[in-house]
Amino acid sequence: MSEAVTKELPDNWAWSTLGDVCEKPQYGWTTKASQDGDLHLLRTTDITSGQINWATVPYCVEEPEDKDKYLIKDGDIVVSRAGSVGVSYLISNPEPSVFASYLIRFKPLIDRKYVYYFLKSPAYWNAISEKSAGIALQNVNASKLKEINIPVAPPEQQKRIVAKIEDLFSHIDAGIEALKKAKQLLKQYRQSILKAAVTGELTKEWREANKDKHEPATQLLERILKERRQKWEEQQLEHFKAKGKMPKDDKWKEKYKEPEAVEMECFPIPNEWQWITLDALLNNIEAGKSFKCDERPPVEGETGIVKVSAVTWGEFDSNESKTIVDKAKTNPNYKIMEGDFLFSRANTIELVGACVIVKHIDKDLLLSDKILRFVIPNEWKQWVQLCLRTQHGRSEIESLATGNQESMRNIAQGNIKKIRIPLMPEAELTEISKIVSQKTDSIARLEIELDSQLVKADRNKQSILASAFSGRIGVEGVL
C-alpha cells in the first residue's frame, strides 16, 4: 500500500485511482504536423502555457480513418507523457481536432473539474515524480498514470470543493495579473531610461550645468582614433617581430582601415555629442570555434564551450555550456574571463546581437564560433552594452543581420562594425553610467520582489489544492 492511501480522509471519502475514476486512457494519433488542413493536431507544446491558442495549433498531414476515435471532445483531459511530463489540460469548446501521440486522454467518470484540479495538486506531482522514467527524456505511460491514487469525495462535496478552489484561485489570479502588469511596466520603464540615456535627455540638466567644461565628443573621437591606429601599428609590429621579418619601410601602414564615418544621424543628439560606428571603439573582435562536445556542463577539471543560450538579455549563464571531449585541441586564447564583453552573432531574431558583460564565471569555458568577444576599452563597455540593448540598437542589429527571419539569424563581423552609436564627452559618460546604474538597480530590486510574490502566489495555489484534496476546504462546515 502506498504512503498516500495510508493518510486519513474525511468521512464518506475513499481512496481510488485515476484508472477507476476515468474511462480507459487512450494514446493519441501519430502523424506529422502541417500548416494547412481541416483537422487540428493538438500537441504537448500547445497545452503547456495553460491556454490553447488554436491559431497556432497545426493540422494533421494524415487524418485517422476512424476520426471519432481520436476526436477531442468537451470535458476531455489530456496529459503529456513526454517532454513536459504530467502537464494536463481540461478541454473546453475545442475546434475540430485530434490529439497527438505524446498526449494521453482521460475521460472522467466523476466531476471532471475535480479530477483536473487534482492533476494540479502536490499529491499528483509527487506521484508523477515517482512514476516518471527515463534519463534524456522523462516519460510516463497510461499504465503508470492509471495507478496514481486519488482521494474521492462524495459527488456534492466534489462540486463544493471545485467551487471553493475556483473562488480562491480567482483572487490569486487577479493578484498574479497585477504582478505581471507591474513587471511589464518595469520593462517599459527600463527601456525609457535607456532611450533617455542614448538621446542625451537623461543628462540634459547636467550638460547645462557643465557647459564648456569638458572635451567635446569631436575632440574625444580624434584622440580615440589616434590611439586606435597606434594600437593597430603596435600589434602589426609585434606580428612582424614574431615572424622575424621587420618591414623596411612604412608601406604596411597603408593597410590600416579607418572606421567608417556616420553620414546621417539616426536621431537627434546633443551638439556636444558625435555619431560613430561601433568600429571606432573596437580594438578587436575575437571568435572561438566549434568542438566535439558532451551536452552536459563541465565540472571542475574539465573545459567547456559556451552555448548561445548563455548570452541573452539577462546575466551570463555559465551553466549554458557543453563539455569539450578533446581538450588537446582547445586554445587558451579562447578562454572566457570575468569582464569579457560577449556578443551573440547567431541566434533567433529576438536574441541575435544579445550581449552581456561577464561579472562572474565559475567554469573553465571557451568561446564558441557563435559567441564573439569584443575587445573594448573598459570605460566604454557599459555604454556599448546599453546602446545595443535599446530599441535603436535592436533596429541596427536586425537591419544588418542576415538569414531566415523565422529561424536562425547571423550578423557578420563586418556588419557589427557598422552599428551606429552616439559618443559623448567622457565626463558625461560617467554621469550617465551613474544615473542608469542607480535607476536600473532599483528596477532590478523591484523585479526580484515581484518574482518573489509570483512564487508565493503559486505556492498559495498549491497549498489550496493540498487542503482541497485532504478535505480541509469545500466540505460542509469547513472553509
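We now turn to the structure provided with this report. (Residues numbered from 1 in each chain as written. Predicted model: local features only at pLDDT ≥ 70, side-chain atom pairs only at ≥ 80, totals over all residues. Heavy atoms only, no water.)

## Considering a negative patch on the surface
- Taken together, the side chains of Glu 62, Glu 65, Asp 66 and Asp 68 present a region of like negative charge at the surface.
- Tracing the backbone through its elements, the reader meets Asp 68 in helix α2 (residues 67-70). (Patch = residues over 30% accessible without salt bridge, like charges linked within 9 Å, V, L, I, M, F, W, Y side chains within 5 Å. Areas by Shrake-Rupley, 256 points an atom, 1.4 Å probe, with all protein chains shown as cover. Salt bridge = Lys/Arg side-chain N within 4 Å of Asp/Glu carboxyl O. Lys, Arg positive; Asp, Glu negative; His and termini not counted. Charge placed at Lys NZ, Arg CZ, Asp CG, Glu CD. Helix = DSSP H or I, 4+ residues; strand = E, 2+ residues; numbered from the N terminus.)

## Digging into unusual backbone geometry
- The backbone of Asn 93 shows a phi angle near 50 degrees, a positive value even though the residue is not glycine.
- Its identity is not glycine, yet Asp 212 carries a phi of approximately 65 degrees, on the positive side.
- Considering the arrangement of structural elements, one finds Asp 212 in the loop between α7 (204-209) and α8 (217-243).

## Observations regarding the pattern of salt bridges
- One pass over the structure, following the stated rule, counts 28 salt bridges.
- In this structure, Lys 113 engages Glu 166 in a salt bridge whose closest nitrogen and oxygen atoms are separated by 3.1 Å. Linking Lys 113 in helix α3 (residues 112-118) with Glu 166 in helix α6 (residues 155-199), this pair joins segments that are 53 residues apart in sequence.
- Overall, Lys 113 belongs to the partly exposed group, its relative accessible area being 33%. (Buried < 20%, exposed > 50% of the residue type's maximum accessible area, 1.4 Å probe, protein only.)

## Overview of the sheet that holds strand β19 (residues 365-366)
- Across the sheet, four strands lie side by side as β13-β15-β14-β19; this open sheet has mixed pairing. Edge strands, defined here as strands with exactly one partner in the open sheet, are β13 (293-294) and β19. (Pairing = 2+ DSSP bridges.)

## Some words on the packing of aromatic side chains
- Taken as a whole and assessed by the stated rule, the structure comprises 15 aromatic pairs.
- Ring geometry for Tyr 117 against Phe 169: centres 5.9 Å apart, planes inclined by 90 degrees, an arrangement best described as edge-to-face. One end of the pair, Tyr 117, is in helix α3; the other, Phe 169, is in helix α6, with 52 residues separating them in the sequence.
- Within the aromatic cluster, the residues linked to one another by ring pairs are Tyr 114, Phe 118, Tyr 124, Trp 125 and Phe 469.
- Against the face of Phe 169 rests Lys 461, its NZ or CZ located 4.9 Å from the ring centre. (Phe/Tyr/Trp six-rings, centres within 6.5 Å; stacked < 30°, edge-to-face > 60°. Lys NZ or Arg CZ within 6 Å of the ring centre and 35° of its normal.)

## Overview of the sheet that holds strand β22 (residues 409-410)
- With respect to topology, three strands assemble into an open sheet ordered β17-β22-β21, the strand pairing being antiparallel. In the strand order of this sheet, the two ends are held by β17 (346-347) and β21 (402-403), each with one partner.
- As paired elements, β17 and β22 share two bridges and run antiparallel to each other. The partner of Ala 346 across the bridge, within β22, is Asn 410.

## Regarding the environment of Ala 153
- Following the sequence through the fold, Ala 153 ends up in the loop between β10 (149-152) and α6.
- With a relative accessible area of 3%, Ala 153 lands in the buried category.
- Considered as a pair, Ala 153 and Glu 396 are 243 residues apart in the sequence and their alpha carbons are 61 Å apart.
- Those residues in contact with Ala 153, other than ones at most four positions away along the chain, are Trp 13, Tyr 114, Gln 158 and Ile 161. (Contact = heavy atoms within 4.5 Å.)

## Things to note about the nonpolar core
- Among the nonpolar cores identified, the biggest contains 52 residues, and Phe 374, Trp 380 and Trp 383 are the most heavily contacted of them.
- Residue contributions to this core peak at seven residues, all from α6.
- The contacts of Trp 380, once residues within four sequence positions are left out, are Leu 220, Ile 224, Leu 281, Leu 423, Met 424, Glu 426 and Leu 429.
- Residues Val 85, Val 140, Phe 169 and Ile 176 belong to the second largest nonpolar core, which totals 39 residues. (Core = buried A, V, L, I, M, F, W, Y, C linked by side-chain atoms within 4.5 Å.)

## Some details on the state of the cysteines
- Using the criterion set out here, one finds zero disulfides in the structure.
- In this model Cys 266 remains outside any disulfide bridge; the closest cysteine sulfur is found in Cys 387, 10 Å from its own.
- Overall, the relative accessible area of 28% leaves Cys 266 in the partly exposed class. (Disulfide = S-S within 2.5 Å.)

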